[in-house]
Amino acid sequence: MGVEGGMKCIKYLVFFFNFIFWLCGIALIALGIFVQIELKDTLVMTGPASASAAPIVILSVGVIVFFISFFGCCGAAKENYCMITTFAILLTLIFLVEIAAAIAGYIFKDKVRTVIENEIQEEMNNYNRSLDVKKTLDNLQKKYSCCGVASYTDWFNVTKPEPGKVPASCCKNSTDCTKNPTRDNTYEEGCVKKIELWLRNHIVIVAAVALGIAFFEILGIIFACCLMKGIRSGYEVM
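Residues numbered from 1 in each chain as written. Predicted model: local features only at pLDDT ≥ 70, side-chain atom pairs only at ≥ 80, totals over all residues. Heavy atoms only, no water.

The chain is annotated in an unreviewed UniProt entry as Tetraspanin of Pseudonaja textilis. UniProt, in its Subunit (unreviewed entry) section for the chain, records the words "Interacts with TIMP1 and ITGB1 and recruits TIMP1 to ITGB1. Interacts with CD9. Identified in a complex with CD9 and ITGB3. Interacts with PMEL. Interacts with KDR/VEGFR2; identified in a complex with ITGB1 and KDR/VEGFR2 and is required to recruit KDR to ITGB1 complexes. Interacts with SYT7." Reading the Sequence similarities (unreviewed entry) entry of the UniProt record for the chain gives the comment "Belongs to the tetraspanin (TM4SF) family." (UniProt positions renumbered as here; feature names shortened; annotations may be inferred.)

A. Geometry of the state of the cysteines. Applying the stated criterion across every chain, the model contains three disulfides. Here cysteine 146 connects covalently by a disulfide to cysteine 191, the sulfurs 2.1 Å from one another. With the S-S dihedral at roughly 90°, the linkage between cysteine 146 and cysteine 191 falls on the right-handed side. Here cysteine 191 lies in helix α6 (residues 191-237) and cysteine 146 lies in the loop between α5 (131-144) and α6, a separation of 45 residues in the sequence. Disulfide pairing places cysteine 147 opposite cysteine 170 at an S-S distance of 2.1 Å. Since a negative S-S torsion denotes a left-handed disulfide, the cysteine 147-cysteine 170 link at about 85° is right-handed. In this pair, cysteine 147 sits in the loop between α5 and α6 while cysteine 170 sits in the loop between α5 and α6, placing the two residues 23 residues apart along the sequence. Accessibility expressed as a relative area gives 0% for cysteine 147, which makes it buried. Free cysteine: cysteine 225, not disulfide-bonded; nearest cysteine sulfur from cysteine 226 at 7.0 Å. Residue classification places cysteine 226 among the partly exposed positions, given a relative accessible area of 32%. (Disulfide = S-S within 2.5 Å. Helix = DSSP H or I, 4+ residues; strand = E, 2+ residues; numbered from the N terminus. Buried < 20%, exposed > 50% of the residue type's maximum accessible area, 1.4 Å probe, protein only.)

B. Representation of empty space enclosed by the protein in the model. Overall, the coordinates contain one cavity of 30 Å³ or more when judged by the stated rule. Around the largest cavity sit Phe21, Val65, Ile68, Ser69, Leu91, Ile94 and Glu217, which together line it. Listing elements by their share of the lining of the largest cavity, those giving two or more residues are α2 (53-78) and α3 (81-107). Among the residues making up the lining of the largest cavity, the classes are represented as five nonpolar, one polar and one charged. (1 Å grid on protein atoms, 1.4 Å probe; cavity = no way out; pocket = protein on both sides within 12 Å on 5 of 7 lines; lining within 4 Å. Points joined across faces, edges and corners; volume = space filled by probe spheres on them. Nonpolar A, V, L, I, M, F, W, Y, C, P; charged D, E, K, R; others polar.)

C. Structural context of unusual backbone geometry. Even without glycine at this site, serine 145 takes up a positive phi of about 50°. Given a relative accessible area of 30%, serine 145 falls into the partly exposed group.

D. Molecular detail of α5. Here α5 is 14 residues long and its end C-alpha atoms lie 20 Å apart, about the 20 Å a rise of 1.5 Å per residue gives. Its side-chain oxygen 3.4 Å from the backbone nitrogen of aspartate 132, serine 130 forms the N-cap of α5. Positive phi appears at serine 145, one or two residues downstream of α5, with a value of about 50°. (Expected span 1.5 Å × (residues − 1). Polar contact = N/O pair within 3.5 Å; in protein donor to acceptor, adjacent residues only side chain to side chain.)

E. Local environment of a nonpolar patch on the surface. A cluster of nonpolar side chains, Ile89, Leu90, Leu93, Leu96, Ile99, Ile103, Tyr106, Ile107 and Phe108, forms an exposed patch at the surface whose accessible area comes to about 880 Å². Its place among the elements puts isoleucine 103 in helix α3. (Patch = residues over 30% accessible without salt bridge, like charges linked within 9 Å, V, L, I, M, F, W, Y side chains within 5 Å. Areas by Shrake-Rupley, 256 points an atom, 1.4 Å probe, with all protein chains shown as cover. Salt bridge = Lys/Arg side-chain N within 4 Å of Asp/Glu carboxyl O.)

F. Seen up close, the packing of aromatic side chains. Applying the stated criterion across every chain yields a total of three aromatic pairs. Here the aromatic rings of phenylalanine 66 and phenylalanine 67 are separated by 5.4 Å at their centres, their planes lie at 90°, and the arrangement is edge-to-face. Judged by its relative accessible area of 53%, phenylalanine 67 is exposed. On the basis of an interplanar angle of 75° and a centroid distance of 5.0 Å, the ring pair of tyrosine 127 and tryptophan 155 is categorised as edge-to-face. On the criterion of sequence distance, the pair formed by tyrosine 127 in the loop between α4 (109-125) and α5 and tryptophan 155 in the loop between α5 and α6 is long-range, its members being 28 residues apart. (Phe/Tyr/Trp six-rings, centres within 6.5 Å; stacked < 30°, edge-to-face > 60°.)

Structure representation (structure tokens):
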């Protein structure tokens, strides 16, 4: 016996919210790919604790949400008690993991700056040893209009035995500043500050999306539990 009356409405709501989750999963996958490309074009990751883990986490969550939502849609359409129960449990676990990730991100947010500083310094040290590193760091400095870690003077210790030089990507208008860099012809701000500013501007978007997904997850869990109760009642009537 299928669900009837108000439970029919709950069934379609569960189906609708799972469709929203499915779209959210696709959005997270796309976001993970975007972040991965952005980081690849910005930093050459050198350590296991680098920020390259972030897009992997986003991609993983996106794939999990994608499949869980598809699972929930099938369960709602077939009015399958076991599938809906499994969906509710998995969705609750995902919600708890997201809360844990948000708390961990807040606790370790100050370490992000240290990671970025170390990565850029490592790139500067290997600037003349690797063409890939040279290209990546030049693109970074041009893109963010920055130079060095904290300022253009950071290059003075790297360009030994010719101190006082900076790469052409640090120059504002031409390559004239490479041998005689000043505040007027060189990007004065360091890249760490510029990347931090970029992250702050985009973290608001990420937080808003995360809150929206969390809201739909809570509603999905509630509706799934209601549907489970309705299906269970139908079995008991039978």
